[in-house]
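An overview of the molecular structure
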Amino acid sequence: MALKGIKVVEFAGLAPGPFAGLVLADNGATVVRIDKTSSSSSSDILCRNKRSLAIDSKKQSGVIVLKRLISSSDILIDPFRPGVMERLGLGPAVFLGKDGEVGLNGKLIYARIAGFPRTGSHKDMAGHDINYLALSGILSMLPGSHDRPTFPLNLLADFAGGGLICALGIMLALFERNSSGRGQVVNVDMVSGARYVSSFPLIHALNPSTGTFAGNRGDNLLDGGAPFYSIYSCKDGACMSVGCLEPQFFATFIEHFTKALPSDFKQQSGWVPHSSAQFDRDTWPRLKNFLELGFKTHTRDEWAAVFMNTDSCAVPILTPAEANKKEIPGQFAPLPHPRVLPMSNSDIALPIDDGTIELSPGKHTLEILRELGFTNDEYQKLIQDGAIEGSGLKSKL
């Protein structure tokens, strides 16, 4: 495990912060999630291999606990709006130092995930994935109808441009620390992160001469305009994906598709597409109609069998349950990826997820306080101060 021995403090938040913590935990890091004492439960399902410390960070004694924990850690994940951690007395300067003053942990990687850019006009506003996408420029390009685009759940900003970019930034900071011995501040905002992971379409859009995204939304090669890069409904209501962009793959697709059609369908249609006309945009409406009607003649699984073991670039659209069974039977969640293994262990068995999607706030409070060296008297004082709760006055370290 590449991050074995690395200690992470993850302040509880929504999607991107927990996902960044999950990536680190899945690669061997020890991750402690900081929960509020007022939380009896958590909506965070990205809690695999994590522990929870429930503490009131607004109590001075609670801040002392957090400072001790963070001072002995390698990474901190801050999911809050700009200024929150500073107001708690837990900002980067406290640990990394500033203006010649030595901090409590000069080797700390302080990772911060914000929604909007920290210096922009939206920096103090609330928002969610769809709002960050709106300002990134990429949402306006996504497939949909001609009057509006459709958003891809909360994947692009929260997870790709937020959590995953944050995890990458942390890895880069750890790598740099090996050389300098110093900690770093990793600043991530989801508008910029979504823009970065969308570099390919955005660069094309800003350079229309490339032709890839020169038309209106829905008229281009990769946004639903091309009939050979689209989704089709089948006889049973399930769907097939078609992505035969290259001429040789399109030719293979047309060959297998037309061969599988009922003979009366071909007769009624009176027209069969030829692979040589793939990029003739004048034929695209007719080709799309031909494919839409043709796919309705068989079920999804029947079409999947037609294209199996061919270079047609046509595969079935699976449900989450179907995809889960294909990865590893009995698995409860997507497996960690990528797999980083030496060649000698390239066939090592994959870990089976135990299905954990719940981590009760404060479940490991006693355990973590013991590890930090708190005495029983200090523990009782934390309870009296209201910095921790839920264990009862009779509990002892």
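Above this note sits the structure.
As a starting point, this report considers the structure included with it. Just so it is clear, the structure is predicted and the values come from calculations on it, not from any experiment.

Now for the nonpolar core. Counting 34 residues, the largest nonpolar core has Val8, Leu24, Ile75, Ile77 and Ile170 as its most contacted members. Those elements that place two or more of their residues in this core are α1 (16-26), β4 (75-78), β5 (109-114), α5 (129-136), α6 (155-180), β8 (184-189) and α7 (190-197). Among the elements that make up this core, the one with the highest residue count is α6 (7 residues). Those residues in contact with Ile75 that sit more than four places away from it in its chain are Ile6, Lys7, Val8, Val9, Leu24, Leu108, Ile109, Ile170 and Leu174. By size, the runner-up hydrophobic cluster in this structure holds 27 residues, among which are Val9, Leu369, Ile383 and Ala387.

This paragraph deals with the sheet that holds strand β9 (residues 229-233). As summarised here, the arrangement of the 3 strands in space is β9-β10-β11, forming an open sheet in which the pairing is antiparallel. If you trace the sheet from one side to the other, it starts and ends with β9 and β11 (314-316), each paired once. Across the sheet, the mean angle separating the axes of adjacent strands is 20° when strand polarity is ignored. Examined bridge by bridge, strand β10 (residues 239-243) and β11 share 3 bridges and lie antiparallel to one another. Note on β11: the bridge partner recorded for Ser241 is Val315. Relative to the sheet, helix α12 (residues 300-307) contacts β10 and β11, its axis offset from that of β10 by approximately 30°.

For the rest of this paragraph, the subject is the layout of surface pockets. Of the volumes computed, that of the second largest pocket is approximately 1100 Å³. Every residue lining the second largest pocket is counted, 44 residues in all, and those nearest its centre are Ala12, Gly13, Leu14, Pro79 and Phe80. Those elements giving two or more residues to the lining of the second largest pocket turn out to be α1, β2 (30-35), α3 (84-87), β5 and α5. Grouping the amino acids of the lining of the second largest pocket by side-chain chemistry returns 20 nonpolar, 13 polar and 11 charged.

All right, on to the pairing of β2 then. Extensive coverage of β2 is indicated by the burial of 5 of its 6 residues. Pairing of strand β1 (residues 7-11) with β2 involves 5 bridges; the strand directions are parallel. Among the inter-strand pairings, Val9 is bridged to a residue of β2, identified as Val32. The parallel pair β1 and β2, bridged by α1, forms a crossover whose chirality is right-handed. Relative to strand β3 (residues 50-54), β2 is paired through 5 bridges, and the arrangement is parallel. Each residue of the ladder has a partner; that of Ile34, found in β3, is Leu53.

What the 6 strands build is an open sheet, ordered β3-β2-β1-β4-β5-β8; its pairing is parallel. On the outer flanks of this sheet lie β3 and β8, each paired with one strand and no other. Across the sheet, the mean angle separating the axes of adjacent strands is 20° when strand polarity is ignored. Of the pairings in the sheet, the one linking β4 to β5 comprises 4 bridges and is parallel in character. What sits directly across from Ile77, in β5, is Ala111. Lying over the sheet, α1 contacts β1, β2, β3, β4 and β5, oriented at roughly 155° with respect to β4. Running at roughly 165° to β8, α6 makes contact with β4, β5 and β8 of the sheet.

Applying the stated criterion across every chain yields a total of 16 salt bridges. The salt bridge involving Lys50 is made with Glu10; its shortest N-O contact spans 2.7 Å. Of the two residues, Lys50 is situated in strand β3 and Glu10 in strand β1; the sequence distance between them amounts to 40 residues. Like Glu10, Lys50 is buried. Of the charged contacts, one joins Arg33 and Asp44 as a salt bridge, the two residues approaching to 3.0 Å between their closest N and O atoms. Highlighted residues: Arg33 in strand β2 and Asp44 in the loop between β2 and β3, separated in sequence by 11 residues. Both residues of the pair, Arg33 and Asp44, count as buried. Connected through shared salt-bridge partners, Arg33, Asp35 and Asp44 make up one network.

Cut-offs applied
Residues numbered from 1 in each chain as written. Predicted model: local features only at pLDDT ≥ 70, side-chain atom pairs only at ≥ 80, totals over all residues. Heavy atoms only, no water. Core = buried A, V, L, I, M, F, W, Y, C linked by side-chain atoms within 4.5 Å. Buried < 20%, exposed > 50% of the residue type's maximum accessible area, 1.4 Å probe, protein only. Helix = DSSP H or I, 4+ residues; strand = E, 2+ residues; numbered from the N terminus. Contact = heavy atoms within 4.5 Å. Pairing = 2+ DSSP bridges. Axes fitted to C-alpha atoms, helices over the stretch in contact; angles between N-to-C directions. 1 Å grid on protein atoms, 1.4 Å probe; cavity = no way out; pocket = protein on both sides within 12 Å on 5 of 7 lines; lining within 4 Å. Points joined across faces, edges and corners; volume = space filled by probe spheres on them. Nonpolar A, V, L, I, M, F, W, Y, C, P; charged D, E, K, R; others polar. Right-handed = clockwise from strand over helix to strand, strands pointing away. Salt bridge = Lys/Arg side-chain N within 4 Å of Asp/Glu carboxyl O.

From the geometry alone we can't say anything about function, so treat these as descriptive.
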